Amino acid sequence: MSLDSKIPSGPIAQKWDKHRFDMKLVNPANKRKYSVIVVGSGLAGGSAAASLAELGYNVSCFCFQDSPRRAHSIAAQGGINAAKNYQNDGDSVYRLFYDTIKGGDFRAREANVYRLAQVSAEIIDQCVAQGVPFAREYGGTLANRSFGGAQVSRTFYARGQTGQQLLLGAYSALSRQIGLGKVKMYNRSEMLDLVVVNGQAKGIIVRDLVTGKITRHSADAVVLGTGGYSNVYYLSTNAQACNVTAAWRAARKGAYFANPCYTQIHPTCIPVHGDHQSKLTLMSESLRNDGRVWVPKRKEDCGKKPSDIPEDARDYYLERKYPSFGNLAPRDISSRSAKEACDDGRGVGPGGRGVYLDFADAIKRLGRKTIEDRYGNLFQMYEKITGENAYEQPMRIYPALHYTMGGLWVDYNLMSNLPGLFVIGEANFSDHGANRLGASALMQGLADGYFVLPYTIGNYLAQQKEKAPSTDHPEFVKAEQEVHDRLNKLMSIKGKRSPNSFHHELGHLMWENVGMGRNEKGLKEALAKIPQIREEFWKNLNVLGDKEDLNNALERAGRVADFLEFAELLTLDALERKESCGGHFREEYQMPDGEAKRDDENFAYVAAWEFKGVGQAPVLHKEPLVYEEVHMSTRSYK
Amino acid sequence: MSTSNSMTFNIRIWRQKNAKTPGKLVEYKLDGISPDMSFLEMLDQLNERLYAKGEEPVAFDHDCREGICGMCSLNVNGIPHGPDSQVTICQTHMRIFKDGQTITIEPWRSTAFPVIKDCVVDRSAFDRIIQAGGFVSVNTGGTPDANALPISKEIADLAMDAAACIGCGACVAACKNSSALLFVSAKASQLNLLPQGKAEKDRRVLKMVEAMDKEGFGACTNTNSCEAVCPKGIPVTFIAQLNRDYAWAMLKGAAAEPKATVGGA
Amino acid sequence: MPLIKFLRSTVGLKIIMGVTGAALFAFTVIHMVGNLQIFLGQEALNNYAQMLHASDEVIWGFRLGLGAVAALHIICAVVLTIRNRAARGSEAYAEYAAPGASLASRTMAISGVIVAAFIIFHLLHFTTQSIDPSFKELTEIHKGVERHDVYAMVIKGFQVPWVSAFYIISVALVSFHLSHGIASCFRSMGLTNPAYREVQEWFGLAFAVIIFVGMAAVPAAVLLGLVKL
C-alpha cells in the first residue's frame, strides 16, 4: 500500500478552502442513513461526536470512563492557542503555523499545520458560544497569556482548568445530542478490537466493563479519538487508565503507526518521591511565565536550603543558555536542560532529580496577591502533594512524560491507510511533528473534532455505495471470537504476578532506556528485554476476579498486554531514527553544545510502521516531508 | 517534607461483589505506608497485598489522580473525599492521618447512585441531568466572534467559580437528603450567568430540575454539607441563584408547553 | 400544567417552604412585639387584645390565613422529608460526619414537630382556653364595657411553674428552628447572593436570639414576680 497523504495542490493558504470545495458532500436528507462510531469522548472524540450528530449522522460514542466528561483532556491546565491577534502583538495564522512547524522541529506536515492555524480562531468562537468561561479583562474582552515556545500572547485560558472547561463545552454539546437521541452513548465500554470488512474499517468489538458482555457494533465509518500512549512509561502525567489499546488494535488490523518515538516530556512536573508512586503530577507550564528555573552552580550546595544559596552561586541555566526565550524555551529544550543539570550532579531534592522553580523575584516584583491570583490553585496543589509552601521556598520540578506526538498515520483527511478509519486528536500523528508547543494539544483536538473531521468524513461517506455490514458478517464473528479467546487466555494463566507489576517493570525499562536521552546501546537493550517481559507476562500473569463483573485487573491486563507489544515498536522507531529532533533525543546525534542535531537529508520523513505479527519485524513506510512554504532551519531559541 | 517513617493503618473498607449481592465492611491491617503516599496509592498498596494473597482487589473509581476528572469517590471516615478540605481523595496524602488510625472507607451512598461493586457507584444520573438542559443549544460553526459580546470580568469569574465543578458527586454523598442541588445549580448557573446562555435560561432551569427530581435526588435543606465537602469549594449561593431562576421561570409561565406551530417554507 | 410541575418539584416545594417560613417568622416577630406590651401594664395589653378582636372578619381571616400558611409549611415539610429519606437510600453510612452542617440544620424536622406540638398546646392554652376553662371567666370593666382580661390570664397561666418552664423550653426550640430557618428562607426563596449571604446568616442568628429573649421574657418575668396582678 502506498502512502498518499492527499495534500491538496495550490498555495498553502488556499489548500483547505479548495479541498472543502472539491470534497464530495452528503445530501442533508441522506446523512441520517449513515452511521459513525466514535471511540473516545475527549476533546477530539466528544467534539466530533457532537458535530457529526448535529449534521444529522447517527453516532455511537464509546468511552471507558463512567461518563464522557471524564476523558483525560480534562486535566489540561494551561490554555489553548488561537491566531486571533486580539493583543495586537503581531500574531497571525501564518505566525501560528510557523511557530508550530518550528516548534515541531520540522517534522510535521505543512498543510495540516496550516489548516490547524486557520481553524484555531473559530474554535475560540465556538467555545465562547457554548458558555466556556474564558478569563476576561475588566473591559469584557478575552484575556490572553504567552506560553512556552511563543513570543506572542495567543493563549486563551480558564484559570488553570482550560482543558476541563473546553472538555465540558464539548461534553455539553455531546450531551445535547444524546438527549436528542442523535448520539447513543456507551459509558464504561472499552473497544477491544477493530473490525475490517473488505479492507475497510466497519465496526468495533466492545466490552461492557460492568457486565463483561462483549458486543459487536457496525457502522459506515469508525473514528478513533483515543488519546496518547504516555502510559507505556508507567509513570506519566496521564490518567491511570489512558492506554494504547484502541490504536494498537487498529494497528494490528493494518493501520500504520507513525512516529511512535516522538514523545514529549513536560518540564514542570512534581518530582518522583518514591517507588510506590502511581502517577506524576503536572503543573501548568504557565508557571514558567513568572518562575525562574535554577540549580546550584556547585554540587556541594545541593543539600543546602535554597534560601541559603546566594544569588551568585545559582545557575539560572535556561536564562543563561537561551537569553531571548529564557525560562520560556520549548518543552523539549527545558526538559533536557533539567536532565543535564541533574546528570551533572546538581539536581535538588530527594534522589537529586529536581530543579528549582523560583517565584521569589516575581513575588517581589508583582506582589504575592498577583501571584496568588495567577497560580493560586497550582501553589495549593503543590503544597497538598509535597507539604511545601512555594510562596516561601522555591518549587522543585522535574520533567515527566506528558504527551505523545506519534500516533496512527492519517492523510490530510485524517483517515488512516485503512479506508473508513479516521483518527483524531492525540491518537493521530499529524500536526505536532517531533515536539508539541504548549497550549496546542487542546487546539488540535478541537480543530480535528469540530472543524476538520465533520467535513472530511462526509467525503468518504458520500463514496460509500454499500450499506454498513451486518454484525453477523463473518469478520465480526471472527473478531468477537478473538476477543473472547484473548480474555479467556488472560484469565486462565493463573500465574503469580499482577498486571500492575508488569506495567511497572515495562515502564521502568522504557523510562531508563527510551526516555529523555536515548542511545543505540540502551535502545538495543530495551529491544532485547521487552520480549522477555512479554513472555513472562503471558506465563506468569494472574488476573483475579470474574470476567462477567467489573474487573479492574482484567482491564489493566489487556492494556498492559498491548503496551508490551507497542513498546517494542516505539523502541525500534527510536533506534531507526538516527538523528535528534524535538522530543526524540539521540545522544549520538548532538551538536558540540549539546543541542539536538537533526538530519534533514536522511530523516525528513514520517516513519509509518506496518504491523506484521508479534515478534515479527514491522515494515517501514516512509512519507517524505516536503516543505514548500517554510525553509527547514536549525531550531534556535537562543 | 518527606519523611522516611512508615505508618500502619487499620482499613475498614466496603466490599460488595456486584449490584445484586449485599456488601459489608471488611477490615485489613496495612503497614509500611509512607506519609508521602496519596490516599489512592495507599489503596494500591492494599490491593497489591490482597493480590499476593490471592484475594480479589478492592474496586474503586479513579483516573487522573490530580483532582480534576471527578472519578474518585470515596467516603472516608464519614466525609466524602476525606478530612482534607477542598481536595479530592486522590489528592489527599497519608501524612494527614495519624499512625495506627482506623480508616473507614465507603462508597457514595444515595438511591440515585447505586453501588456497582465495592466502592464503585453509578453516577450516570448526573449525565442525564446535563442531557436534559445543561448546555447552550448552539451547533458547531456559525458562531459570532468571541469578543463580539463583552462579558464583565466579575461575571466571567463567577461563571468560572460555578464551572469549576468536576461532577464527582461528593455534594450528593454528603447531603443528608442526597440532594444534587449544588451540582445542578453550579451547572445551570454557569450558563445562566453568561450572555450566551441567557436565551434558554428558563427552559434550562426547568428541564434540569425536572430531570434531577426524576432521578430521585432529595431536596436542599440548606445544611451546607455539600459546600463543606466540595473539592472545588463551590458555594451554596449558586443554589439560591437556581431557586431564583426557577421561581422566575415559573412566574413567567415558561413551564407551559408552547403551542405547536407549522413552520418552514 | 405549570403549577402542578411547580408543586411536584423539590425546588418548588422548597420555595413554598421559604415563603411560608418567612411569613411565619414575620408573624412570630409581631406576636413577640404584642406580648412585650405586658410590660407596659394591664391597660396597654388589654387594649391591644381588644384591638385585635375588634372585627370578627379580620381576626378570622387572619387566623385562617395563618393556619393555611402553617399547614402549607408543614405539608411541604412532610412531603419533602419522605422524599429526602427515599433519596438517601436503604443502605446507611457506617460513619457519617454530616460535614459542615449545624445541628439545627440537621434537625429541622424534629424541631419542627416539637414546635408544632407546642403551638397546639399554646392555642389550647391561651386562644381556645380549653386547658383551663376558668381563663374564660377573667374579665375586666373598661370604660363601662366588659372585656376579656388577657393580662390576668397570662399572669395566671404563667404563675404555674411547669407551664412557664415548658414555654421557655419551647420558645428555645422555636429559636433553634429559626436559627437555621431564617437564613434558609432567604436561600430557598432565591434571595441570597455572595454579597448578602453572611448578612443574612447573622440576621437569622440575631433574630433567633431576639425571639428567644422576647418570648421567654414574659413567662420568666411572671415566674420571677416582676409582673404580677
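Reading guide: rules and limits
- Throughout, residues of each chain are indexed from 1 in the direction in which the sequence is written.
- Whichever chain is written first is A, and whichever ligand is written first is 1; the rest continue in order.
- It should be noted that, the model being predicted, local features are given only for residues of pLDDT at least 70 and side-chain atom pairs only at 80 or more, the latter also being counted only at that level, while totals for whole chains, interfaces and linings use all residues.
- Side-chain descriptors were evaluated using all non-hydrogen atoms of the structure, hydrogens and water having been removed beforehand.
- Two residues form a contact once any of their heavy atoms are found within 4.5 Å.
- Accessible area that two parts lose when put together, evaluated with a 1.4 Å probe and summed over both, is termed the buried area.
- For this document, the term salt bridge refers to a Lys or Arg side-chain nitrogen within 4 Å of an Asp or Glu carboxyl oxygen.
- We define a polar contact as two N or O atoms separated by no more than 3.5 Å, with the added condition that, inside protein, one atom must be a possible hydrogen donor and the other a possible acceptor, whereas residues neighbouring each other in sequence contribute only through side-chain atom pairs.
- Each helix is a run of H or I in the DSSP string that is no shorter than four residues. Each strand is a run of E no shorter than two, and both are numbered from the N terminus.
- Basically, the charged four are Asp, Glu, Lys and Arg, the nonpolar ten are Ala, Val, Leu, Ile, Met, Phe, Trp, Tyr, Cys and Pro, and anything else, Gly included, counts as polar.
- Here, strands pair whenever DSSP counts at least two bridges between them.
- Think of each axis as a best-fit line through the C-alpha atoms, taken over the contacting stretch in the case of a helix, with angles from 0 to 180 degrees between the N-to-C directions.
- The patch calculation keeps residues exceeding 30% relative accessible area without a salt bridge and links them within 9 Å when they carry like charges or within 5 Å when they are nonpolar (Val, Leu, Ile, Met, Phe, Trp, Tyr).
- To measure how exposed things are, a 1.4 Å probe is used in the Shrake-Rupley method; for residues, cover is taken only from the protein chains shown.
- Think of it in three bands: residues with accessible area under 20% of the maximum for their type are buried, residues over 50% are exposed, and the middle band is partly exposed, with areas taken using a 1.4 Å probe on protein chains only.
- An automatic or database domain assignment provides the domain bounds reported here.
- Any two rings among Phe, Tyr and Trp, with Trp reduced to its six-membered ring, count as a pair given centres within 6.5 Å; such a pair is stacked if its planes are under 30 degrees apart, edge-to-face if over 60, and tilted if neither.
- Consider the ring centre and the ring normal. A charge sits over the ring if Lys NZ or Arg CZ is within 6 Å of that centre and within 35 degrees of that normal.

In this section: the interface of chain B and chain C. It is common to give the size of an interface as the accessible area that goes away when the parts come together. Taken together, the contact between chain B and chain C spans 53 residues of the former and 41 residues of the latter. For the pair chain B and chain C, the summed buried surface comes to about 3,700 Å²; carbon and sulfur atoms form 53% of the total. By the criterion of area lost to chain C, the three top residues of chain B are B:Arg109, B:Lys176 and B:Asn222, representing 16% of everything that side buries. Between chain B and chain C we count three salt bridges in total. Note that C:Arg197 and B:Glu227 form a salt bridge whose closest N and O atoms lie 2.7 Å from each other. The tally of links from chain B across to chain C stands at 34 residue pairs in polar contact (both at pLDDT 80 or more). Residue assignment for the side of chain B that touches chain C shows that the elements contributing at least two residues are strand E1 (7-15), strand E4 (79-80), strand E5 (102-107), helix H4 (170-174), helix H7 (201-214), helix H8 (225-229) and helix H9 (237-251) of chain B. Ranked by residue count, the leading element in the side of chain B that touches chain C is H9(B), at eight residues. Residues of the side of chain B that touches chain C, tallied by class, amount to 27 nonpolar, 17 polar and nine charged.

Here we take up the arrangement of the chains. Of all two pairs of chains in contact, the one with the most contacts involves chains A and B. Spatially, chain A is disjoint from chain C: no contact exists, and the shortest C-alpha separation is 19 Å.

For the rest of this paragraph, the subject is the sheet that holds strand E3 (residues 74-76) of chain B. Residues and elements named next belong to chain B. Read across the sheet, five strands follow the order E2-E1-E5-E3-E4 without closing on themselves; strand pairing throughout is mixed. At either end of the open sheet lies a strand with only one pairing partner, and these are strand E2 (24-33) and E4. Bridge analysis of E1 against E5 gives four bridges, and the strand direction is parallel. Counted as the bridge partner of Ile 13 is Ile 105 from E5. Strands E1, E2, E3 and E5 of the sheet are contacted by helix H1 (residues 39-52), whose axis makes an angle of about 100° with E2.

Mapped onto the elements, C:Ser105 comes out in helix H5 (residues 103-106). In this structure C:Ser105 touches B:Lys176, B:Thr223 and C:His180, once residues within four positions along its chain are discounted. Polar side-chain contacts of C:Ser105 include one of 2.8 Å to the backbone oxygen of C:Ser102.

Another point: the sheet that holds strand E12 (residues 292-296) of chain A. All names here are of chain A. With antiparallel pairing, five strands are arranged side by side in an open sheet as E11-E15-E14-E12-E13. In the strand order of this sheet, the two ends are held by strand E11 (263-269) and strand E13 (314-315), each with one partner. Sheet topology note: the E12/E13 ladder contains two bridges and is antiparallel. In the sheet register, Val 295 faces E13, and the bridge partner there is Asp 315. Packing against the sheet, helix H8 (residues 331-343) makes contact with E11, E12, strand E14 (355-358) and strand E15 (395-404), and its axis sits at approximately 65° to E11.

Glancing now at the interface of chain B and chain A. Facing the 80 residues of chain B at the interface are 79 residues of chain A. Between chain B and chain A, the buried area comes to about 6,400 Å², and carbon and sulfur atoms account for 50% of it. Residue B:Asp145 is joined to A:Lys84 by a salt bridge in which the shortest nitrogen-to-oxygen separation is 3.0 Å. Inspection of the chain B/chain A interface yields 49 residue pairs in polar contact (both at pLDDT 80 or more). If you list the elements that add at least two residues to the side of chain B that touches chain A, you get H1, strand E6 (115-117), strand E7 (120-121), helix H2 (124-133), helix H3 (153-163) and helix H5 (181-193) of chain B. In terms of residue count, the dominant contributor to the side of chain B that touches chain A is H3(B) (eight residues). Of the residues that constitute the side of chain B that touches chain A, the class distribution is 35 nonpolar, 23 polar and 22 charged.

Residues and elements named next belong to chain C. Side chains of Met 1, Leu 3, Ile 4 and Leu 7 sit close together on the surface and give an oily, nonpolar patch of about 420 Å² of accessible area. Mapped onto the elements, Met 1 comes out in the segment before helix H1 (2-8). The exposed category is assigned to Met 1, whose relative accessible area is 67%.

Phi angles above zero are rare outside glycine, and A:Tyr234 is one such case at about 60°. By the secondary structure assignment, A:Tyr234 is in the loop between strand E9 (221-224) and helix H6 (245-252). Look at B:Asn222: it is not a glycine, yet its phi comes out positive at around 55°. Of note, B:Asn222 is situated in the loop between H7 and H8. On the basis of relative accessibility, which here comes to 4%, the residue B:Asn222 falls in the buried class.

Further remarks concern the domain arrangement of chain B. All names here are of chain B. The domains assigned to chain B are domain 1 (7-117) and domain 2 (124-251). Taken over C-alpha atoms, the centre of domain 1 sits 29 Å from the centre of domain 2. Counting from both sides, the interface comprises 16 residues of domain 1 and, opposite them, 18 residues of domain 2. Between domain 1 and domain 2, a total of about 1,300 Å² is buried, with carbon and sulfur atoms accounting for 62% of that surface. There are zero salt bridges connecting domain 1 and domain 2. Where domain 1 packs against domain 2, one counts three residue pairs in polar contact (both at pLDDT 80 or more).

Glancing now at the pairing of strand E2 (residues 145-148) of chain C. Residues and elements named next belong to chain C. Across four bridges, strand E1 (residues 139-142) lies against E2 in antiparallel orientation. Directly across from His 142, in E2, lies its bridge partner Val 145. Adjacent in sequence and paired antiparallel, E1 and E2 are bridged by two residues, among which Lys 143 carries a positive phi angle near 50°.

Attention now goes to the packing of aromatic side chains. Taken as a whole and judged by the stated rule, the model has 49 aromatic pairs over all chains. Where A:Phe106 meets A:Tyr627, the ring centres are 6.1 Å apart and the plane angle is 70°; that geometry is what we call edge-to-face. Of this pair, A:Phe106 sits in the loop between helix H3 (93-103) and helix H4 (110-130) while A:Tyr627 is found in the segment after strand E19 (619-624), placing the two residues 521 residues apart along the sequence. For A:Phe106, a relative accessible area of 0% gives the class buried. Put simply, the rings of C:Phe118, C:Phe121, C:Phe126, C:Phe135, C:Phe158, C:Trp162, C:Phe166 and C:Tyr167 pair up and form one aromatic cluster. Positioned over the ring face of A:Tyr186 is A:Lys184, at 4.8 Å from the centre of the ring.

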